[in-house]
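Architecture and fold: a report
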Amino acid sequence: MITAWVPAVGRMVGRGSAPVTYALIVACCLIFLVSPGSGLSPSYGTGDELIAAQRAYFERWGVVPVELLSGKPRAALTAVTALFVHGSWLHLLGNMLFLYVFGVMVEERMGHLQYALFYLGCGSLALLAYAIAHADSGQTLVGASGAISAALGAFLYLFPKARVTSLFPFLFFLPLRFPAWVVLPFWVALQWAAAGQERQGPGVAYLAHLVGFSLGFVYAWGRRQGPSRVKASGTATEGDSQP
């Protein structure tokens, strides 16, 4: 999941100017609400029955590295479907916060169709990279963090001077404003440090964050965009979770 600090970006945009970002947020929320992960539907039962339903759901729609690399068509599709599946309320809300904060401005700069392809492509590649690095793992990986990390990488290149208001838990949630070129590399450093201690098993897929961020930055750099016309200030979030 993407949550080690909290983000918020002030921006001069019109409502409805980022339909893809809003549609992704709505889709992820609706899918989570009707899934066993939310715990809201009585049809999945309670206790051990609910846990079994959650496990089966994540294994069906999430990425299982050993299966994804098997080459089976159905398993290959999970690199996309996993982007819309979240393991908990915290996982969902953290990711959607980051997607809203950073995705809107990136979509405005890229254009709707290109942004949609960018989001799905980078997110899927980030999950694939994680699967390759953990080729023998049978653990399930779900969440949009790889794709959202790509949006963060693109945001850094496109809006390096945008002011990001961040709330850091270790500073008692004191709101501090820094330009994106300070905040986002700090976030990457946190992911890098955590990835070095990453163990196989339930947790946060830091490697997927790093790959997604790198892909997003390189893609934005490759487009050779000029200075941003949109001024901003905001706050940030972190990564992908396994159930």
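Here is a short report on the structure shown in this document.

**Some thoughts on the packing of aromatic side chains**
Tallied over the entire structure, the rule returns 10 aromatic pairs. Relative to Phe-159, the ring of Phe-155 lies with its centre 5.1 Å away and its plane at 40 degrees, an arrangement referred to as tilted. Of the two residues examined, Phe-155 and Phe-159, each falls in the buried class. The rings of Phe-98, Phe-102, Phe-155 and Phe-159 are connected pair by pair, giving a single aromatic cluster.

**A word on a nonpolar patch on the surface**
Together, Val-26, Leu-30, Leu-33, Val-34, Leu-40, Trp-89 and Leu-93 give the surface a local cluster of nonpolar side chains, amounting to about 670 Å² of exposed area. For the nonpolar patch, the secondary structure elements donating two or more residues are α1 (19–34) and α5 (89–110). When residues of the nonpolar patch are assigned to their parent elements, the largest contribution, four residues, is made by α1. Residue position: Leu-30 is located in helix α1.

**What to know about the nonpolar core**
When a protein is soluble and globular, its nonpolar side chains tend to lie buried together. In terms of nonpolar packing, the biggest core is built from 48 residues, with Leu-99, Tyr-115, Tyr-119, Ile-148, Leu-152, Phe-155 and Leu-184 touching the most fellow members. Looking at this core, the elements with two or more residues in it are α1, α5, α6 (112–133), α7 (145–158), α8 (180–195) and α9 (206–222).

**Some remarks on α7**
Under the 1.5 Å per step criterion, the end-to-end length of α7 is 20 Å for 14 residues, consistent within 8% with the ideal 20 Å. With respect to burial, α7 is a largely interior element, 13 of its 14 residues being buried.

What counts, and where the lines are drawn
- Residues numbered from 1 in each chain as written.
- Predicted model: local features only at pLDDT ≥ 70, side-chain atom pairs only at ≥ 80, totals over all residues.
- Heavy atoms only, no water.
- Phe/Tyr/Trp six-rings, centres within 6.5 Å; stacked < 30°, edge-to-face > 60°.
- Buried < 20%, exposed > 50% of the residue type's maximum accessible area, 1.4 Å probe, protein only.
- Patch = residues over 30% accessible without salt bridge, like charges linked within 9 Å, V, L, I, M, F, W, Y side chains within 5 Å.
- Areas by Shrake-Rupley, 256 points an atom, 1.4 Å probe, with all protein chains shown as cover.
- Salt bridge = Lys/Arg side-chain N within 4 Å of Asp/Glu carboxyl O.
- Helix = DSSP H or I, 4+ residues; strand = E, 2+ residues; numbered from the N terminus.
- Core = buried A, V, L, I, M, F, W, Y, C linked by side-chain atoms within 4.5 Å.
- Expected span 1.5 Å × (residues − 1).

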